[in-house]
Structure formats: structure tokens, C-alpha cells
Amino acid sequence: MSLSKAVFALLLIAGPVSAQQPQPAPAPPVPAALRNYKPVTADRLKNPEPGDWLMIRRTYNGWGYSPLDQIRSNNVNRLQPVWVLSTGQTSGHEAPPIVNNGVMFVATPGNQVIAIDARSGSVLWRYRKELPEDAVVLHRTSRGVAVYGDKVFFAAGDAILVAIDARTGKEVWTAKVEENKNGYYLTMAPLVADGKVMVGISGGELGTRGFVAAYNVDTGREVWKAFTVPAPGEPGSETWPAGGDEWKTGGAATWVTGNYDPETNLVYWGTGNGGPWMGDQRPGDNLYTASTVAIDAATGQIKGHHQYHPNDSWDWDEVSPPILVDYRRNGRMIKGLINVARNGYLWFLERSNGKINFIEGKPYVKQNVFKSLDPLTGRPDVDPNRKPGTGKLADHCPSLWGGKNWPPVAFSPETRLLYIPANENTCGTSTGREVEYMPGRSFTGATTGFYLAAGADHIGEIQAWNVDTGQRVWTHSFAKSPNWGPMLATSGGLVFSGGTNDRMFRALDASSGKVLWEFPTNSGVIGQPTSFMIDGKQYIAVQSGWGVDSRGMQARLNLISPGEYPEVPEGGAVWVFAVK
Amino acid sequence: MDRFGRRTLLKAGLGVGVGLGLKPELALCQDNPASSRPGEGDLLVKAGDAMKNPLGPGDIREGARPILAWAMDPADGTVRSGSRLNQVLLVRLDQEELSPETRLRAVEGIVAYTAICTHTGCEVDDWLPPEQLLHCPCHGSRFDPRDSGKVVDGEAPRALPALPLKLDNGRLVVGGSFTARVGFQTA
């Protein structure tokens, strides 16, 4: 007799035990909003209902576009807060409110995920994962969660992927992504595609080697790991010093979530700066730093890439993934990829079942480093005087923060416009020095400065570009603020964004760029706005919570113009707006 | 409390910690003398010095970049390199330029600060010689070592905690705890 059968037999003899045994404390009742939680299927991720916002950019193509159209130019001036909820955290609140059938999930700094009744703003559950006090987390933020089945996936700062039960907020499993003590940490939202949950890593300033890893959604077991710096002998390794160890600490971090093409099963993921920062310490192009890589979601194989600039020496992470959009050029429709790069160029590319082709590239902000682009490959001809090195100072525009940093663009299929949160007129200096690798320690080897271009009359911008003509259609500029605001486009002919140091969240006419509505929130809005519907009514949601790099640029500007760029109030909150 | 007493207490705490379901690595970290913060009487050794030679004032030259150091238990030679929060910067400055408060913690113009930025915990491993400022390359915060590590530029929300120094038998010795909590806000 097996042990379990024996136990069962004993239980039968003893009769029902429930009467004698102390009862375990009953689980708290599951709130009504979660009792009928609607599982997220692969089909729902591919074709989300108009009223849901299931992924950080809503759809796999990365558009940041809602098909909801009740809020329009003729009623947006009546937009009012419906509810607001404090997160209890400071630092940068960058995550979008994800909404599945009326249940909202928000990630915040401090390793926290909050489930909220999107109708009322009531907290349904709160998940917190304690960070060790000596954790290496150089950016205290989270850029969101992924939802799939009945789970919520959260990338904890200390390099641990967590699967949370969407109904209860309890941990289902955790997976160690990498060793945090060695400088690997997580800030991006996981991506669920091809039945797997994928993460990329932060730590490009700490001598890490970038990768994207995929995990089984049910067990947390690693399925594949795609390194973004090849090992010797692998394709691309010829772009690193032969026989050297530079690749082991080569950077190419993957700290923003990729986009996905279900047709080809390819994930398009961006990669960051090389490590250390000065390219002359790692001679060669250094694939796949500052690139977009096309990763086969089934196997993790890198099937194509485009490098935006070789041998990065400016800390220009090209981590923002290109959006997937088909556009017209020279009389033909191109299955496209469009990327707004930190290096100050706007890139029109072509996707396929692997290879990425160059179509066109042009500056969208002041850029004085590239003299020209190769018309066939897009490879920039870099001005050597604008390239810093070890013991060599160079000044360059844009600054290390780039023309656009991590905040995502949006695209509206109705206006055919691409909306870019840009920072114009920023420049910087950089001087390199030798740096010794020690695990988990800073591995940049650079002293940097920041200044504004001569004659600069503004910094922050929202730019709108027509993807079919490749021309800029309108620009809204902010005289006294940088712009760190992720974009949302809606079918109501509007774009929503914050990003400025005046705490405003605003709506602009998508066709003209005219500001139609704005509202001062608790803090600066650097969160990704989303839109959802409950009982036939459209809502706009966003987190307000200034911090991280927006705070850094503001501090630098205040040094240049003392008193003109005071500290922005911090502390996070989730806001939901509707037309009353 | 003497060292023995402190360690015993920490070990007792370990048992309680496990019982409460705390993460074992957290509990172990507290128990490990190599991870304890520098304390009064500790010597200082240069990071990477396998010989563990205690540093004296002559090892810290004026005009040089800050030296990265660890505290060392003088009794058993335990180097407190078990936590990144224990990284100490030593730099020699012109004594005349030190603020009165900083002067009290200095030995012959040598001052000690945590190497961990109060912003997001990067190492403050860059030095700006013309301005005599400690500079964090991650987000650009600058700290004045002549004036209690106060923030002169950047995002850091508070000064770099200082580690008081004293001189004992020609060697640099830790004179007390860090002046404030080391590290950044984690929750």
C-alpha cells in the first residue's frame, strides 16, 4: 500500500477529521471584481477588445493606440478626474495602467504591483517584494506588468521574475533572471508572446552582458536565453576584439520591452550602450550594442539586426523597440519598422522573416555627430571630432540623454502620424578614462557634462511625423521644460501625454498639435497613458510620479539656469479621467 | 556592546528571522561580520590589496583621485567587503578648505565617505579635480567632500554619509559609524 493510500485508509477509520482539527484561517473573500476575472488568452493579446488595454503599448505592434473614440476634440475640455489613488512610493512612476475587463494592474517603484477596481479606484490587492538594502537597482522604477491566463508577470528590481495570481495577488512562482550582485537588475515590463514570458535586463553601466530570456508561463522554467553580445565564434563576435574578454562585459542591455510580429513569430528588441562607455576600449562595431535585434520567439535565435551606430561612445542606448507599421515610400508599401533613436535620428526600416533592411534615416533633433548615412545600409559616417575616447574630450549633440530616451512613441492609423516625445537642443561633453571591472560596480569610465545648444529657446517637444511622406507635420514645443512623457493616441483624434515639469497631463489635437485640455496632477507625469472602457464609457488612465532621469535632467537644467528649474514634487498616484 | 555580544545577538536574530520566513540571504547578510558596517576602531585597507595592509595618512596623497577602501576588523583581520554598501572613499584635501564639521572627522585633511550614491546606489567613482568634487557617473550627482559630502548638483536627495576618521599608531582608524544611513531608498 502506498503511503497516500495508507493515510486515506486511516482517515476513513478515524472518520471525518474536520470536526476535531483546528480550521485554517479562511482565505479573505475574493472581491467581486476578481471573482469573474477574465483569463487572458493568446488570441486576446493578438486582437484585444477595444475597451481593454492588456499590454504596455496595448498591441504587439507597439502603437500605443486606443480605438476608443468617445472622448473627442469637442468634449475633451470636459475631461475630469473620476478617481485618484496614492501609490505610497516616490521616484519615477513609468508603468501604464493595464486594464483587463475592468480590473487594473499598476506597477510602481518599490517592487510593488497594485490591482485596482478600475471603476471605483478601490485597491483589490497589493503585492510587494522586499528589496535587500544592498540591492543594485540604479533606476528605481518599473515600466509595467504583463498579463496572461490568470497571472500577472512582474519583473522585480533585484532581477527576479515573479508570476502573481491575478485573483489573489499571491506569488505563484519566481525565477531568478540573473545575479543582482553582479549588476543585473530589471525595470522593464515582461512580454508574453508565443506562450512564453520574456524579459530583458538593465545594468549596462555595470559591466553586464545583455540578453533577452524567455520562461515557461506556468512554471517559470527558462526556455531560452538570447545574448545580445555574442560569445567568441558566434555570429557578430568578429565585431569585438579578437581573443579579448571585452564581450563578457560588453553591455547591450535590453531594458525596454520589445514589440512582436505574430506573422513571423519575431520579437523586435532594442539594445543599449556598450560597456564601458568609451568605444576605444572595445574596438570594433560591437554587435549587437545600440541595435534592434529580431529574435525568433520559438528558439531565441537572433535572425536579424540593425545597428543604429557602431562602437557606441555616447551612452546612446537604442533600447526603444521600433514600432511595426506598414508605410508608403517611393510608390510602394513597405512592411516597416520605425524607430526614433536616442542618437537623434528617425529610422525607417523594413522587416522580413529575419533580415532588417534600411530604407531611410534623418535627424529629428539637432545632431552633429553623423556626417552622413550610407544610402544602402544606413551606417553613419561618424565625425571623429565628435566621438569621445579615453583621455579625449568631445562634445556632441544630442546629449547622452538623447533626442528621445525610453518614453515610447505612439502611432495613429487614422492620422498616419507618429507622435514623438523629443528633447531638442541638448548637448553634452564626455571624456573617457580607464576603468577596472569589479562585479556589480560602476563600469562606465566617463566624466560627462551637459549644456544647451547656442540660441536654444526650448527643450521639450512633441513632434508629429507622417509615416508615408517621412515629413514632420507639426511640433508642439515646451519653452521651459524637457519632455519625458510617453504618448497615447486615440481614435477620438487626440493624443495624450504629460512629461513636463509643470505637472500637467494634457490632450492635443492629433492632426494639428493644438493643446485642447490640460490638468495639473500631483507630480510630473512620466507614466504611459492608457484608455479603457467600462459599461460603455471611455476612460483615460495614467500614473503621475516624477523621478529617475526626468529628475536628473531637471537638476542639470537648474544648474545651468539657477532657480528656473526647481525640483518637481514627487510621490506617485494613479489617475483616471472621464468626460462628465 | 562588544563584538562578541553583537555577533551572538545577530545569530539569535538569524533563528528568529528564519522562523518568520525572512529570506535566508538577508539573515545571513546580517550575521556575516564581513557585511557589518564599519565600526569604531576598524582599520582601513585598500580595495584589492591581498596583503591587507592597513592604510596610513601617507598612503593618501593630496591631489590624487579618491582611494576605494574597505574597513577591517583589527582583531581577526576580517575585511568588511561582504556588502557593497561598505565601500569607502578616502580623499586628501587642503585642511584649510574643510568646513568646521568636516574637519572634526578628518585626519591631516583626509576624509572618508560612502562610495554609494544616495540617489539610486551607484558607486560615486569619479573625481573632478578642478572642482574637488566627488561625481557619480550614473546620473551626474556631485558631492562636496570638503563640506560634509553635501549635494552640489544632481538628483541625489541627501548628502553622502561621512565616516569619521582618527589616527592611531600612524594608521587611519574608523572613529565611529557613518553619519547617516548608507544607501538609497529601496521601498
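Data block above holds the structure.
Residues numbered from 1 in each chain as written. Chains lettered and ligands numbered in written order. Predicted model: local features only at pLDDT ≥ 70, side-chain atom pairs only at ≥ 80, totals over all residues. Heavy atoms only, no water.

Q: Please provide a residue-by-residue account of unusual backbone geometry, values included.
A: Negative phi values dominate among residues other than glycine, just as trans dominates among peptide bonds. Note that the residue after Gly 275 of chain A, namely Pro 276 of chain A, is joined by a cis bond; omega there is -10°. Relative to the helices and strands, Pro 276 of chain A resides in the loop between β16 (266-270) and β17 (291-296). A cis amide bond, omega -5°, links Leu 287 of chain A with the succeeding residue Tyr 288 of chain A. Along the chain, Tyr 288 of chain A turns up in the loop between β16 and β17. Not every positive phi belongs to a glycine, and Ala 252 of chain A is a case in point at roughly 55°. Mapped onto the secondary structure, Ala 252 of chain A falls in the loop between β14 (222-227) and β15 (259-261). Phi is positive for Asn 169 of chain B, close to 55°, though the residue is something other than glycine. For Asn 169 of chain B, the position within the fold is in the loop between β9 (165-168) and β10 (171-174). Asn 169 of chain B gets classed as exposed once you look at its relative accessible area, which sits at 71%. (Helix = DSSP H or I, 4+ residues; strand = E, 2+ residues; numbered from the N terminus. Buried < 20%, exposed > 50% of the residue type's maximum accessible area, 1.4 Å probe, protein only.)

Q: I'd like a rundown of the nonpolar core, residues and numbers included.
A: Residue and element names in this part refer to chain A. Within the largest apolar cluster, 101 residues are counted, with the highest numbers of intra-cluster contacts made by Phe 105, Met 198 and Phe 496. Contact partners of Phe 496, with chain neighbours within four places excluded, come to Ile 71, Val 76, Leu 79, Pro 486, Met 487, Leu 488, Thr 490, Phe 505, Arg 506, Ala 507, Pro 529 and Ile 540. Residues Ile 338, Ala 464, Val 467 and Leu 508 belong to the second largest nonpolar core, which totals 31 residues. (Core = buried A, V, L, I, M, F, W, Y, C linked by side-chain atoms within 4.5 Å. Contact = heavy atoms within 4.5 Å.)

Q: Before we move on, can you summarise the pairing of strand β32 (residues 460-466) of chain A with the specific residues and values?
A: All names here are of chain A. In terms of burial, β32 is a largely internal element, 7 of the 7 residues being buried. Side chains Gly 460, Ile 462, Ala 464 and Asn 466 of β32 all project onto a buried face; the interleaved residues Glu 461, Gln 463 and Trp 465 project onto the opposite face, where all are buried too. Relative to β32, strand β29 (residues 417-423) is paired through 7 bridges, and the arrangement is antiparallel. Opposite Ala 422, over in β32, you have Glu 461 as the bridge partner. The loop that links β32 with its antiparallel partner strand β33 (residues 471-478) comprises 4 residues; one of these, Gly 470, has a positive phi angle of about 70°. (Pairing = 2+ DSSP bridges.)

Q: Would you mind going over the pairing of strand β2 (residues 67-72) of chain B in detail, with residue names and values included?
A: Residue and element names in this part refer to chain B. Taking burial as the measure, the 6 residues of β2 include 6 buried ones, the bulk of the element. Of the two faces of β2, the one carrying Ile 67, Ala 69 and Ala 71 and the one carrying Leu 68, Trp 70 and Met 72 are both buried. By the bridge criterion, 4 bridges tie strand β1 (residues 43-46) to β2 in an arrangement that is antiparallel. Bridged to Lys 46 within β2 is Ala 69. In this sheet, strand β3 (residues 88-92) lies alongside β2 in antiparallel orientation, the contact comprising 3 bridges.

Q: Can you tell me about the state of the cysteines, naming the residues and giving the values?
A: Residues and elements named next belong to chain A. Counted according to the given criterion, the structure contains 2 disulfides over all chains. Paired through a disulfide, Cys 397 and Cys 427 show a sulfur-sulfur distance of 2.2 Å. Linking Cys 397 and Cys 427, the disulfide has an S-S dihedral of approximately 95° and is accordingly described as right-handed. Taken together, the positions of Cys 397 in the loop between β27 (393-396) and β28 (410-412) and Cys 427 in strand β30 (residues 426-432) put the pair 30 residues apart, joining distant regions of the chain. (Disulfide = S-S within 2.5 Å.)

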